[in-house]
Amino acid sequence: MKVNTQAVNFNADQKLIDFIQNRMDKLDMFYDKVIQADVYLKVENTSDKENKIFEARVNVPGDSFVVKKQCKSFEEGTDMAISSLERQLKRRKEKLRTHI
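Residues numbered from 1 in each chain as written. Predicted model: local features only at pLDDT ≥ 70, side-chain atom pairs only at ≥ 80, totals over all residues. Heavy atoms only, no water.

Enquirer: I'd love a proper account of helix α1 (residues 14-25), names of residues and values included.
Expert: Helix length check: α1 (12 residues) gives 16 Å between terminal C-alpha atoms against 16 Å at 1.5 Å per residue, within 8%. Buried residues along α1 sit in contact with β1 (2-8), β2 (36-43), β3 (52-60) and α2 (74-99). (Helix = DSSP H or I, 4+ residues; strand = E, 2+ residues; numbered from the N terminus. Expected span 1.5 Å × (residues − 1). Contact = heavy atoms within 4.5 Å.)

Below you can see the structure in the form of structure tokens.
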């Protein structure tokens, strides 16, 4: 799957980008018709510790899923967003199976 990662207002290191690519590739196990994914990494200028925002848009034929998580680290946000996307993709796959 093609994953476009964009870091807004900062430079993401290669290790973080590889981690995100690895985790997003695992979504293929749950739904194999994923076309591409767009990931946006943002840092808010607040005194709050949970100032890192992970936003992902996953495109599948006929639909797209958007997940936005705010956490202390991008890795934690990635894990939470991926688990949410897994549930959504499983649900979509089940819906398609019942229509066939």
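Enquirer: Let's hear about the sheet that holds β2: which residues, and what values?
Expert: Taken together, the four strands give an open sheet; going across it, the order is β1-β2-β3-β4, and neighbouring strands pair in mixed fashion. One side of each edge strand has no neighbouring strand; the edge strands of this open sheet are β1 and β4 (63-71). Pairs of neighbouring strands in the sheet enclose a mean axial angle of 15°, with direction left out of account. Here β3 pairs with β4 via nine bridges, running antiparallel. (Pairing = 2+ DSSP bridges. Axes fitted to C-alpha atoms, helices over the stretch in contact; angles between N-to-C directions.)

Enquirer: Just give me the short version of unusual backbone geometry, but keep the residues and values in it.
Expert: The phi angle at N9 is positive, at roughly 65°, despite the residue not being glycine. Looking at the element boundaries, N9 is found in the loop between β1 and α1.

Enquirer: Explain the pattern of salt bridges to me, using residue names and the numbers behind them.
Expert: Tallied over the full model, the rule gives five salt bridges. Residue K33 pairs with D32 through a salt bridge whose shortest N-O separation is 4.0 Å. Assessed through its relative accessible area of 49%, K33 is described here as partly exposed. Under the relative-accessibility criterion, D32 is labelled exposed at 57%. Ionic pairing is found between R97 and E94, a salt bridge with its closest N-O pair at 3.4 Å. Taken together, the residues R97 and E94, both in helix α2 and three residues apart, mark about one turn of the helix. Its relative accessible area of 44% is what places E94 among the partly exposed residues. (Salt bridge = Lys/Arg side-chain N within 4 Å of Asp/Glu carboxyl O. Buried < 20%, exposed > 50% of the residue type's maximum accessible area, 1.4 Å probe, protein only.)

Take it as geometry only, folks, not as evidence of what the structure does.
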